[in-house]
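# Descriptive analysis of the structure
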Amino acid sequence: MKLKKHRKIAIVMGSQSDYSTMKDCVKILKILKISFDLKIVSAHRTPKRLYEFAKKSETNYSVIIAGAGGSAHLPGMIASLTAVPVIGVPIESKKLKGLDSLLSIVQMPKGIPVGTVAIGKDGAINAALYAASILGITDKKIKNSLLKLRIKQTKSVKKKPK
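My aim in this report is to walk through the structure given alongside it, one point at a time. Owing to the predicted nature of the structure, the values given are computational and were not obtained by experimental measurement.

## Brief notes about helix H5 (residues 121-136)
One full turn of an α-helix is made of 3.6 residues, so residues set three or four places apart face in the same direction. Along its 16 residues, H5 runs 23 Å from first to last C-alpha, staying within 8% of the 22 Å computed at 1.5 Å per residue. Listed in full, the buried residues belonging to H5 are Gly123, Ala124, Ala127, Ala128, Leu129, Ala131, Ala132, Leu135 and Gly136. Those residues of H5 that are buried lie in contact with strand E1 (8-13), helix H1 (19-31), strand E3 (63-68), strand E4 (86-90) and helix H6 (140-155).

As structure tokens, this is what we get:
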């Protein structure tokens, strides 16, 4: 069986309000010139949409980045329905500052892995970089773009305080 090269990332989130965090993921993928789709898929309010998305994901995507807050079931539910790597971004919540989201995403049962990053903006940025590094395993152009971004980041660090 021959595998297709998708080179595309899905960025999904549980609600419109999650976009304020996930837009940072979008920015990084645009900088790296990586193709992506952006969708709202709620584990609780649109379960049929979630199921259909997850089932079709293997023919459309190489990596899925899923941002969710509160009970944050979205990344785990997607991971339970597909073999595509899923990276979960915990969205900061008002009540528990995102700790609830983090624990929900990171504490998956054995057999259903979800790569989990930091809460909020830092997590969204790192999820994009993590997804790029996954694609970079088989795509030299993406790997080189990622390396250039890291070199630029390193050069931006001052040697001495002013």
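Back to the text.
## Looking at helix H4 (residues 99-106)
Taken as a whole, H4 has its buried residues at Ser101, Ser104 and Ile105. Taken end-on, H4 shows its buried residues confined to a sector of 95°, consistent with a single buried face. Its buried side turned inward, H4 meets E3, helix H3 (74-81), E4 and strand E5 (115-116).

## Here's the deal with the sheet that holds E4
Taken in spatial order, the 5 strands make up an open sheet running E2-E1-E3-E4-E5, and their pairing is parallel. Single-partner strands in this sheet number two, and they are strand E2 (35-40) and E5. Alignment of E3 against E4, held across 5 bridges, turns out to be parallel. By the bridge assignment for E4, alanine 66 is matched with glycine 88.

How each quantity is defined
- Residues numbered from 1 in each chain as written.
- Predicted model: local features only at pLDDT ≥ 70, side-chain atom pairs only at ≥ 80, totals over all residues.
- Heavy atoms only, no water.
- Helix = DSSP H or I, 4+ residues; strand = E, 2+ residues; numbered from the N terminus.
- Expected span 1.5 Å × (residues − 1).
- Buried < 20%, exposed > 50% of the residue type's maximum accessible area, 1.4 Å probe, protein only.
- Contact = heavy atoms within 4.5 Å.
- Arc of directions from axis to C-beta.
- Pairing = 2+ DSSP bridges.

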